[in-house]
Amino acid sequence: ASDDVKIAVYWGQNTSEGSLRDTCSTGLYAYVNLAFLSSFGDGRAPVLNLAGHCDPPSGACASLAADIASCQSAGVKVLLSIGGGALGGYNLSSPSDAQGVATYLWDNFLGGTGAGAPRPLGDAVLDGIDFDIESPSQYYDDLAQNLTSLYRSDARGRAYLLTAAPQCPFPDASLAAALGTGLFDNVWVQFYNNPGCQYAPGDAGALLRGWQNWTTGLPAATVFLGLPASLDAAGSGFVDVDTLASQVLPAVESAENYGGIMLWSRSYDKDTGFSGAAHPQIRKEESVRPLFSLNTFLYNRAAAAGVLLLFLLICTCFLCHKKYRGTSPPEEGSVVAPPASAPKKEQPQPKQRPQRLKRYTDSDVERMTKYYAHKLGHGSTGDVYRGNLRDGRQVAVKVLKDSVGDDKEFMSEVASIGRISHVNVVPLLGFCLQGPTRALIYEYMPNGSLESYAFSNNDSVENYSLWLYWEKLFDIAIGVARGLQYLHGDGNANIVLLNVKPRNILLDQELCPKISDVGVANLCFSKEGKRTGNARGRDGYDAPEVVSRKFGAVSSKSDVYSYGVMVLEMVRAKRNISVGEDTTSKYFAQWMYEHLDQFCNSISDVSSETRDLVKKMIIVGLWCIQTAQTNRSSMSRVVEMLESSSMDLELPVRTS
Ligand SMILES: Nc1ncnc2c1ncn2[C@@H]1O[C@H](COP(=O)(O)OP(=O)(O)OP(=O)(O)O)[C@@H](O)[C@H]1O
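An unreviewed UniProt entry lists the chain under the name chitinase, with Paspalum notatum var. saurae given as the organism. UniProt, in the comment section headed Catalytic activity (unreviewed entry), describes the chain in these words: "Random endo-hydrolysis of N-acetyl-beta-D-glucosaminide (1->4)-beta-linkages in chitin and chitodextrins."

Have a look at this one:
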C-alpha cells in the first residue's frame, strides 16, 4: 500500500491556515475536509462554520466554489465534514430526521438539484461527506445509508465518498453503528486526546494495538492514522516525524487497508511543516524500508528497554513457533510414503497481497450485472452472473441462496475469505450484504472451468483436452496442488474444501488454474447443519470418508483424494483411451499399476521430459487416491513429488 498512501487534512477552523486554493496547491494533500457543518439535525437550521474564512449567512462562502474547483482539478478530493467539537450543536432524532439531513446535504453540497436549496458553497459539488461525530447519538447509520442511496442516484454517474473520523477507542462510541454498515470508504481514526490508544512518549504500544483493532475491525474500509500536526494541535498524542518514520509507520504500513495519515489540522500543519516532512516518509517504497510487523515492533521495543527476560522468552517462543511451522509434521502415511530422495527444491509459493474487499449495495450489483443479464451458471450455493466493475474489470457475481448466519457472522466469514490470497485461488474482490441480498464478487476467469477443457466427452474441436498440451496439463496440476498446499496450512489458512473437482478449478487468461468456491460452503449451510449441495460420492471425486464416516473423519487428506482422482482423470481424458470394458477412473488407476511404462511410452510425438511429467502426474495421482488416509500424501508432499524427477518416485503399495 505504501506507494499510494495519502494525507488527509482538515481545513476551515483558523484563517491563519491560508486559502483553500493554496492548501490544495501545496500538493501535500489528497483529501481536504471542510470543517465543519457544526449544527444540524433535530429541527435545527443547519449552520456551516468556516471560522473567519467566510460568512455563510451573507452568502460570502459561495466564493469558495472557485477554490474547490481548483482543488478538484488538482486531484484533491474536497469533502464536507459534519459535526466537530461543538457538542450540543448537532444530533439526529429519528430515521426520518436522518433522511432529512441526508437530503439537505445532497441538495446543498453534492449532486442534488433540490429546488430552493441555498447552496452555501455556490455551485461547488463536493466529493463527499465526512462524519466527525463526537457526541454519542443514534441514527448515523441511517444517515450513511440515506446518503449512499442518494450518491447512487447521481444523474451524472459521479462517485462520492463517505468518510468518518472516529476516536481511537474501538469501537467508537458515536460512530460504531454507522461504521458497521460497511459503507465508509475512508476512516481516519483520531489517535489523539485518547491516552488509552494513542502514542505516549517513547511508547507506541497503545497506538499500535488500537491500530490493529481498527484495521482488522473495518476490513472493507481504508484506514488512516489520524494525528495532530503539532504539539499544540491536541491535548495529547503528538508523534514527531522522526518517531513516526522510525517507530510507527513501519508497523502500521503492514495493514492491507492502510491508506495514509490524517492531520488535524491545516493551520497547525502549515506552522510546523509536519506533512511536508512526513510526506517522503509515508510514500517510501516498501523495498527501501525494512519490513516490520506489529509483533517485531513490539519485540524490538521490549529489547530496547532492556527487558532481557521478556526478550529471551519471546525469542524462545518465536524459535519454537518457527521450528514447529518450518518442519512438516510426520507424514501420516510415512510407512509407505515414497522416498524423497530428490533434492528438495526451493518452494515457490506465489502468494499475492490480499485484495481489499469492497462492499457493494444491491443496486451496485444490479448495475454491475446489468440486472442479472448474463448467467454464467448455477451452483449448489447460488447463481453466478457475469458483470463489470465501474473501472471496467470483469467480475463473476455469485448470488448466494440459503445463506445462513446473521450479518455479523456473514461479514466475519467474508473477511476470512478475503484474507485468502494465493495465485492459484480465485480472488474475492468484494461482497454485497443488504437486506436479503448476499453476494460475493470475484475476479472473472475468462477461460471457464477445467472441466470444459480437459473433460469433454467427444472428439470434436470442442474437446480441448485433445489440444491442451501435456505441459499445460502438468502446469495446471502443479498449480492446483500449490493452491491446496496453501489452503491446507502453508498459508496458515487451514481450510479443507471437500469440493475439489474440475468444475471448481477455473482458468484465467493464461490458463493459470485458480481454485474457486473457497470458504463459500461456510456461508451456506442448511439450518440442520448439513452442507448444501449434491449428494456425495456420485461423481467419484469424494474420498471414501466423505461418503461414509465409517472410513474415518474428513480431513485435508479428503481433498488430497479428490485431487488425485482429478489428476488421473486429466491424464485419462487427454489420452482418450479405453482400458477395457470398465471405464471408471478406479479401474484406470488399477490398470496403471501394471501398465505405467507401457502407457507413458505409447505417448508419441513428445519428448522424454514430457513423458516424465505424465509419469509424475500418474504416480502422484495414485499416492493421493489411497483408501486409507494415512497412506495418502499430504499436499506439500504432492508438490514436492511433482517438482522432482519421476526417476525418484516409486509407486505406492497396491492395496486393493
Ligand atoms: N470467477 C468466475 N469466473 C468465471 N466463471 C465463474 C466464476 N465463478 C464461477 N463461475 C462459473 O459459474 C458457474 C457456477 O459456479 P459455481 O461455483 O456456483 O457452481 P459449480 O462449481 O458449477 O457447482 P457446485 O456449487 O456444485 O460446486 C460455473 O459454470 C462456473 O464455471
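Draft legend 1. Fine view of the overall build of the chain. When its secondary structure is counted, the chain shows 20 helices and 17 strands. Within the chain, residue pairs in contact and separated by at least 24 positions form 70% of the contacts whose partners lie at least 6 positions apart.

Draft legend 2. Quick peek at the site of the ligand. Taken together, 19 residues sit near the ligand, with S380, K398, E443, M445 and N504 positioned nearest. Between the ligand and E443, the relevant distance is 2.9 Å, taken from a nitrogen atom to a main-chain nitrogen or oxygen of the residue. Contact distances for the ligand include 2.5 Å between an oxygen atom and a side-chain N or O atom of N504. Ranked by residues supplied to the shell around the ligand, first place goes to strand β11 (residues 375–379) with 4 residues. By residue class, the composition of the shell around the ligand is 8 nonpolar, 6 polar and 5 charged.

Draft legend 3. Just the sheet that holds strand β14 (residues 428–434), in detail. Ordered in space as β10-β14-β15-β13-β12-β11, the 6 strands form an open sheet in which the pairing is mixed. Each of the sheet's edge strands pairs with one partner strand only, and the pair in question is β10 (358–360) and β11. On average, adjacent strands in this sheet sit at an angle of 25° to one another, irrespective of strand direction. Judged from the 4 bridges that link them, β11 and strand β12 (residues 382–388) form a sheet pairing that is antiparallel. Each residue of the ladder has a partner; that of G379, found in β12, is G382. Where helix α13 (residues 407–419) meets the sheet, it contacts β10, β13 (394–400), β14 and β15 (437–443), and its direction lies at approximately 175° from that of β14.

Draft legend 4. Quick peek at the packing of helix α19 (residues 608–624) against helix α20 (residues 635–643). For the pair α19 and α20, the least separation of the axes is 9 Å and the interaxial angle reads 160°. Compared by their axis directions, α19 and α20 come out roughly antiparallel. Regarding α19 and α20, the two cross each other, and that crossing is right-handed. When α19 is examined against α20, the residues K616, M617, V620, W623 and C624 are found in contact with a partner set consisting of V638, M641, L642 and E643.

Draft legend 5. Focus on unusual backbone geometry. Geometrically, the link from A35 to F36 is a cis peptide bond, its omega value of 0° lying close to zero. Considering the arrangement of structural elements, one finds F36 in strand β2 (residues 31–39). Going from W264 to S265, the amide bond is cis rather than trans, its omega being -5°. Secondary-structure assignment places S265 in the loop between β9 (258–264) and α8 (266–272). Backbone geometry places Y372, a non-glycine residue, at a positive phi of 55°.

Draft legend 6. Geometry of the packing of helix α15 (residues 470–490) against α19. α19 packs onto α15 with a crossing angle of 40° between their chain directions and a minimal axis gap of 10 Å. Viewed along their axes, α15 and α19 adopt a mutual orientation that is oblique. Crossing of α15 over α19 shows left-handed handedness. Contacts between α15 and α19 involve W470, E471, L473, F474 and A477 from the first element and T610, L613, V614, K616 and M617 from the second. Of the residues contributing to the contact of α15 with α19, the split by class is 7 nonpolar, 1 polar and 2 charged.

Draft legend 7. Spotlight on the state of the cysteines. Following the criterion strictly, the structure yields 3 disulfides and no others. For C54, the disulfide goes to C61, at an S-S distance of 2.0 Å. Between C54 and C61 the disulfide shows an S-S torsion of about 100°. By sign, it is right-handed. Neither residue differs from the other here; C54 and C61 are each classed as buried. Disulfide connectivity for the chain, with bonded cysteines indexed by sequence position, reads 1-4, 2-3, 5-6.

Draft legend 8. Structural context of the environment of L227. By secondary structure assignment, the location of L227 is in strand β8 (residues 222–228). For L227, a relative accessible area of 0% gives the class buried. In this structure the C-alpha to C-alpha distance between L227 and M262, which are 35 residues apart in sequence, comes to 6.1 Å. Look past the residues within four positions of L227 in its chain and what remains in contact with it is F191, Y192, G237, V239, L244, M262, L263 and W264.

Draft legend 9. Quick look at the confidence of the model for the chain. Averaged over every residue, the pLDDT of the chain is 82; residues scoring 70 or more account for 81%. Note on residues 284–351: pLDDT is under 50 here. Beyond four places in sequence and across chains, it has 81 contacts. Scored below 50 in pLDDT, residues 526–535 makes 12 contacts in the model with residues more than four places away or belonging to other chains. Two numbers describe this predicted complex: its pTM, 0.52, and its ipTM, 0.98.

Draft legend 10. Examining the nonpolar core more closely. In terms of nonpolar packing, the biggest core is built from 85 residues, with L34, L121 and F131 touching the most fellow members. Broken down by element, the residue count for this core peaks at 7 residues, all from helix α3 (residues 95–109). Look past the residues within four positions of L121 in its chain and what remains in contact with it is L34, L48, L50, C61, A62, L64, A65, I68, F109 and L126. Residues Y486, V565, W623 and V639 belong to the second largest nonpolar core, which totals 61 residues.

Draft legend 11. Main features of the environment of Y29. Relative to the helices and strands, Y29 is located in the loop between α1 (20–25) and β2. With relative accessibility at 4%, the residue Y29 sits in the buried group. Sequence separation between Y29 and S275 is 246 residues; the distance between their C-alpha atoms is 8.5 Å. For Y29, the side chain forms a polar contact with the side chain of R266, separated by 2.7 Å.

Draft legend 12. Region of the structure containing the packing of aromatic side chains. One pass over the full model with this rule turns up 20 aromatic pairs. With centroids separated by 5.9 Å and ring planes inclined at 85°, the aromatic side chains of Y31 and F224 adopt a geometry described as edge-to-face. Here the residue Y31 occupies a position in strand β2, and F224 occupies one in strand β8, the gap between them amounting to 193 residues. Each member of the pair Y31 and F224 is classed as buried. Note on F170 and W214: the rings are 4.8 Å apart at their centroids and 85° apart in plane angle, and the pair reads as edge-to-face.

About the criteria used
- Residues numbered from 1 in each chain as written.
- Predicted model: local features only at pLDDT ≥ 70, side-chain atom pairs only at ≥ 80, totals over all residues.
- Heavy atoms only, no water.
- UniProt positions renumbered as here; feature names shortened; annotations may be inferred.
- Helix = DSSP H or I, 4+ residues; strand = E, 2+ residues; numbered from the N terminus.
- Contact = heavy atoms within 4.5 Å.
- Near = heavy atom within 4 Å.
- Polar contact = N/O pair within 3.5 Å; in protein donor to acceptor, adjacent residues only side chain to side chain.
- Nonpolar A, V, L, I, M, F, W, Y, C, P; charged D, E, K, R; others polar.
- Pairing = 2+ DSSP bridges.
- Axes fitted to C-alpha atoms, helices over the stretch in contact; angles between N-to-C directions.
- Parallel < 35°, antiparallel > 145°, perpendicular 65-115°, else oblique.
- Left-handed = near helix turned anticlockwise from the far one by under 90°.
- Disulfide = S-S within 2.5 Å.
- Buried < 20%, exposed > 50% of the residue type's maximum accessible area, 1.4 Å probe, protein only.
- pLDDT = per-residue confidence, 0-100.
- Core = buried A, V, L, I, M, F, W, Y, C linked by side-chain atoms within 4.5 Å.
- Phe/Tyr/Trp six-rings, centres within 6.5 Å; stacked < 30°, edge-to-face > 60°.

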